[in-house]
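# Structure at a glance
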Amino acid sequence: MKLHEYQSKQIFSRFGIPVPQGIVAENATEARNAAREIGLPVVIKAQVLVGGRGKAGGVKIARTLEEAEANAEHILGLTIKGLPVRKVLVDPAVEILSEIYLGVAVDRTMRRAVLMASAAGGVDIEEVAAATPEKIVRVPIDPFVGLPDYLARDVAVSIGLPRDHWNEFIKIAKGLAAAFVANDASLAEINPLAIVSNDGGSRLLGLDGKMVIDDNALFRHPELAAMRDPDEESEAERKARNADLSFVSLDGDIGCLVNGAGLAMATLDIIQHFGGRPANFLDVAGGARAEKVAAALRIVLSDPKVKVVLFNIFGGITRCDEVARGIVQALEEVKTQVPMVARITGTNKEEGDRILASANLITANSAAEAAQKAVALARAAC
Ligand code: GDP
Ligand code: MN
């Protein structure tokens, strides 16, 4: 689950990271009042759960109250990368001297959280990573030791940070690592962490904030779970989450119903291998009973792009004939003209296939055969 910039910054602030003291506004008048309270100039920032808001026109400086109101009005009318802007953050504007990237993410290969920093901040870090990976410094964080001062200082030196900011940097890096762990995050990022002018001198300030919280840990953080923005997920993804199904929308036309996350991933690969494009990832898990299959089928079919549905089921704990009856029962509930291809295997496979065939499903003896049939049907429907 992604957190908004203003939410991430509130958390960062609790972990001792200096951030601008901004105010969230939901309309232009509120933004104007916020600007008056904060003092001009201010920066008005779209609160949407995507990066690159600056480039999309979602971050604007205002020097007068009229400008603050007009900019907020404009930004609140934007749709950025498909997401409507419903809130803006009004922050005190600052003079930026340079921009640093600082983030903590999970490195699955190292099985550690890693601290990442770069002097090439402000821009998309993925672009830096692709074009000039040597500009990103990475330090694994020992889960028992945490991030010690000397490692954080090492990073400050490696990115060429001026010496007079090292102590601030160490505090911020340690705060970010602590916020990451305490909130069960999979990403905590400050981009830019800016060197800003301050009373004739300069200091570090976290101008942007991003956190992604591990969904599987949300039960430990009801206060974070309550922050979920419904715009983050599609209608289908929300329904799936409520039905306890693991579902991710993709942009192809072959709907997939699979039991088991591993088999579901393999199914997507097989479809792709035979030249098709999956419409979703879906793990029906746990026995594939009729109600669950019906709920899953409804979600898959709610995507108008779906031209064919592919079932790939391994009847391990639940026998294939039971699974097949579940599918048939689900199809009686969810009437559709969309063709269905089913590959089920495991205990009582023959009986399962017989039941499916009698309900007009196209059966297949292997995942490859099923994928090829589904790809052909999707092509024919174009
Ligand atoms: P993103 O584009 O979605 O990552 O949004 P950011 O919060 O990172 O803002 C984009 C850019 O706006 C930053 O990299 C800064 O260059 C600029 N920016 C943000 N806040 C201020 C500010 O207070 N003053 C100035 N001058 N620029 C700002
Ligand atoms: Mn940013």
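## Overview of the environment of Glu-134
Within the secondary structure layout, Glu-134 lies in the loop between α4 (125-131) and β10 (136-141). Placed 72 residues apart in sequence, Glu-134 and Ala-62 show a C-alpha to C-alpha distance of 36 Å.

## What about the site of ligand 1?
In the vicinity of ligand 1, 18 residues are found, and the nearest of them are Lys-45, Arg-53, Gly-54, Val-94 and Glu-99. Here an oxygen atom of ligand 1 sits 2.8 Å away from a polar atom, N or O, in the main chain of Gly-54. Within the backbone of Val-94, a nitrogen or oxygen atom sits 2.9 Å from a nitrogen atom of ligand 1. A majority-of-atoms criterion places ligand 1 in the largest pocket. Listed by contribution, the elements that provide at least two residues to the shell around ligand 1 are β3 (42-46), β4 (59-62), β8 (96-107) and β11 (185-198).

## Description of the sheet that holds β3
One open sheet holds the four strands; their spatial order is β2-β7-β3-β4, and the pairing between them is antiparallel. Across the chains shown, the open sheet's two edge strands, defined by having one partner strand only, are β2 (23-25) and β4. Averaged over all neighbouring strand pairs, the angle between strand axes comes to 25°, with direction disregarded. In this structure, β3 lies alongside β4, joined through four bridges in antiparallel fashion. Bridge pairing in β4 places Val-43 opposite Ile-61. Lying on the sheet, helix α1 (residues 5-14) is in contact with β2, β3 and β7 (88-92); it crosses β7 at an angle near 45°. Across the face of the sheet, helix α3 (residues 65-75) comes into contact with β3, β4 and β7 while running at roughly 165° to β4.

## Digging into the domain arrangement of the protein
Per the domain assignment, the segments making up the protein are domain 1 (21-92), domain 2 (96-225) and domain 3 (234-380). On a C-alpha basis, the centroid separation for the pair domain 2 and domain 3 is 41 Å.

## Concerning the nonpolar core
In this structure, Leu-102, Leu-161 and Phe-169 are the most contacted members of the largest nonpolar core, which totals 41 residues. Put simply, the parts of the chain that give this core at least two residues each are α1, β8, β9 (112-118), β10, α5 (149-158), α6 (166-182), β11 and β13 (210-213). If you tally residues by element for this core, the top one is α6, at nine residues. Aside from chain neighbours lying at most four places away, what touches Phe-169 is Leu-102, Ala-117, Ala-152, Val-155, Ala-156, Ile-159, Leu-161, Leu-193 and Leu-204.

## Description of the pattern of salt bridges
Taken as a whole and assessed by the stated rule, the structure comprises 26 salt bridges. Note that Arg-319 is salt-bridged to Asp-321, the shortest N-O span being 3.1 Å. We note a salt bridge from Lys-373 to Glu-369, for which the minimum N-O separation is 2.9 Å. Of this pair, Lys-373 and Glu-369 both sit in helix α13 (residues 367-380), separated by four residues, roughly a single helical turn. On the basis of relative accessibility, which here comes to 27%, the residue Glu-369 falls in the partly exposed class. Each of Glu-5, Lys-9, Lys-45, Arg-53, Asp-91 and Asp-208 takes part in a single network of salt bridges with overlapping partners.

## Some remarks on the coordination of the manganese ion (ligand 2)
At 2.2 Å from the manganese ion (ligand 2) lie its protein donor atoms, namely Asn-191 (O) and Asp-208 (OD). Separated by 17 residues along the polypeptide, Asn-191 in strand β11 and Asp-208 in the loop between β12 (201-206) and β13 bring together distant segments of the chain. Judged by its relative accessible area of 11%, Asn-191 is buried. Residue Asp-208 is classed as buried on the basis of its relative accessible area, which comes to 18%.

## What about the layout of surface pockets?
The computed volume of the largest pocket comes to approximately 960 Å³. Arg-53, Gly-54, Gly-122, Asn-191 and Asp-208 are, among the 38 residues lining the largest pocket, the residues nearest its centre. Of all the secondary-structure elements, those providing two or more residues to the lining of the largest pocket are β1 (2-3), β3, β4, β7, β8, α4, β11 and β13. Ranked by residues supplied to the lining of the largest pocket, first place goes to β11 with four residues. In terms of residue class, the lining of the largest pocket is built from 18 nonpolar, seven polar and 13 charged. Counting only domains with at least three residues in the lining of the largest pocket, you end up with domain 1 (21-92) and domain 2 (96-225). Estimates place the volume of the second largest pocket at around 640 Å³.

About the cut-offs
Residues numbered from 1 in each chain as written. Chains lettered and ligands numbered in written order. Predicted model: local features only at pLDDT ≥ 70, side-chain atom pairs only at ≥ 80, totals over all residues. Heavy atoms only, no water. Helix = DSSP H or I, 4+ residues; strand = E, 2+ residues; numbered from the N terminus. Near = heavy atom within 4 Å. Polar contact = N/O pair within 3.5 Å; in protein donor to acceptor, adjacent residues only side chain to side chain. 1 Å grid on protein atoms, 1.4 Å probe; cavity = no way out; pocket = protein on both sides within 12 Å on 5 of 7 lines; lining within 4 Å. Sits in = over half its atoms within 2 Å of the grid points. Pairing = 2+ DSSP bridges. Axes fitted to C-alpha atoms, helices over the stretch in contact; angles between N-to-C directions. Contact = heavy atoms within 4.5 Å. Domains from an automatic or database assignment. Core = buried A, V, L, I, M, F, W, Y, C linked by side-chain atoms within 4.5 Å. Buried < 20%, exposed > 50% of the residue type's maximum accessible area, 1.4 Å probe, protein only. Salt bridge = Lys/Arg side-chain N within 4 Å of Asp/Glu carboxyl O. Donors = N, O, S within 2.8 Å, 3.2 Å for Na, K, Ca; no water. Points joined across faces, edges and corners; volume = space filled by probe spheres on them. Nonpolar A, V, L, I, M, F, W, Y, C, P; charged D, E, K, R; others polar.

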